[in-house]
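An overview of the molecular structure
Read off the chains here:
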Amino acid sequence: VQLQASGGGLVQPGGSLRLSCAASGSIFVFDVMTWYRRAPGKQRELVARMSGGSTDYADPVKGRFTISRDNAKNTVYLQMNSLEPEDTAVYYCNLERRRGSLPPLYYWGQGTLVTVSS
């Protein structure tokens, strides 16, 4: 599976962006899809995760970001609203494919840069 992240760009504070993560193969219902970000000078952090029908968000983005998926398009999205300068980072999508008793497989997208600045 190859992941292609897109949708980043320059946006003013308070603006919105929607990131997309398109998979070259099928995304299965039991795959865990996660968006991470790495801000300049900081470690990578989890932003949002979708596992089955449940979602989880990092505290700084709760109420502003929404993760969703379109199974027909094998694509996961991250809708980002009310963006703040602190959201500036390279955003990465990750797919965790669980395989029962076998170790899971992890796939990464190449990252897309989001810059929030006036």
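Quick caveat, the model's predicted, so the values are computed rather than measured.

1. Focus: the pairing of strand β7 (residues 65–70)
In β7, alternate side chains face the same way, and those of Phe65, Ile67 and Arg69 are buried while those of Thr66, Ser68 and Asp70 on the opposite face are not. In terms of strand pairing, β7 meets strand β8 (residues 75–80) through six bridges, oriented antiparallel. Across the sheet, the residue bridging to Ile67 is Leu78, located in β8. In textbook terms, the turn of a hairpin is the stretch between consecutive antiparallel strands, and for β7 and β8 this stretch comprises four residues, one of which, Asn74, has a positive phi near 50 degrees.

2. Focus: the side chain of Glu96
Structurally, Glu96 can be placed in strand β9 (residues 89–99). Assessed through its relative accessible area of 12%, Glu96 is described here as buried. A polar contact is formed between the side chain of Glu96 and the side chain of Arg98, at a distance of 3.1 Å. Not counting the four nearest positions on each side in its chain, Glu96 is found in contact with Asp31, Val32, Pro104, Leu105 and Tyr106.

3. Let's talk about the confidence of the model for the protein
Per-residue pLDDT for the protein averages 95, and the proportion of residues at 70 or more is 100%. At the level of individual helices and strands, the protein shows its lowest average pLDDT in strand β10 (residues 102–108), which scores 94, and its highest in strand β11 (residues 112–116), which scores 98.

4. A look at the sheet that holds strand β1 (residues 3–6)
Across the sheet, which stays open at both edges, the four strands sit in the order β1-β3-β8-β7 with antiparallel pairing between neighbours. The open sheet is flanked by β1 and β7, the only strands paired with a single partner. Each adjacent strand pair in this sheet contributes to an overall mean axis angle of 15 degrees, direction not counted. The pairing of β1 with strand β3 (residues 17–23) spans four bridges and is classified as antiparallel. Looking across to β3, one finds that Ser6 is bridged to Ser20.

5. Points about the state of the cysteines
Applying the stated criterion across every chain yields a total of one disulfide. Note that Cys21 is cross-linked by a disulfide to Cys93, the S-S spacing being 2.1 Å. Between Cys21 and Cys93 the disulfide shows an S-S torsion of about 70 degrees. By sign, it is right-handed. A residue pair is termed long-range when its members are at least 10 positions apart, and Cys21 in strand β3 and Cys93 in strand β9 qualify at 72 residues. On the accessibility criterion, Cys93 (1% relative accessible area) is buried.

6. So, the nonpolar core
Trp35, Val47, Phe65, Ile67, Leu78, Met80 and Tyr91 are the most contacted members of the largest nonpolar core, which totals 29 residues. Put simply, the parts of the chain that give this core at least two residues each are β1, β3, β4 (32–38), β5 (44–51), β7, β8, β9 and β11. Apart from residues no more than four positions distant in its own chain, Leu78 is found in contact with Leu17, Arg18, Leu19, Trp35, Val47, Ala48, Phe65, Thr66, Ile67 and Tyr91.

The rules we used
- Residues numbered from 1 in each chain as written.
- Predicted model: local features only at pLDDT ≥ 70, side-chain atom pairs only at ≥ 80, totals over all residues.
- Heavy atoms only, no water.
- Buried < 20%, exposed > 50% of the residue type's maximum accessible area, 1.4 Å probe, protein only.
- Helix = DSSP H or I, 4+ residues; strand = E, 2+ residues; numbered from the N terminus.
- Pairing = 2+ DSSP bridges.
- Polar contact = N/O pair within 3.5 Å; in protein donor to acceptor, adjacent residues only side chain to side chain.
- Contact = heavy atoms within 4.5 Å.
- pLDDT = per-residue confidence, 0-100.
- Axes fitted to C-alpha atoms, helices over the stretch in contact; angles between N-to-C directions.
- Disulfide = S-S within 2.5 Å.
- Core = buried A, V, L, I, M, F, W, Y, C linked by side-chain atoms within 4.5 Å.

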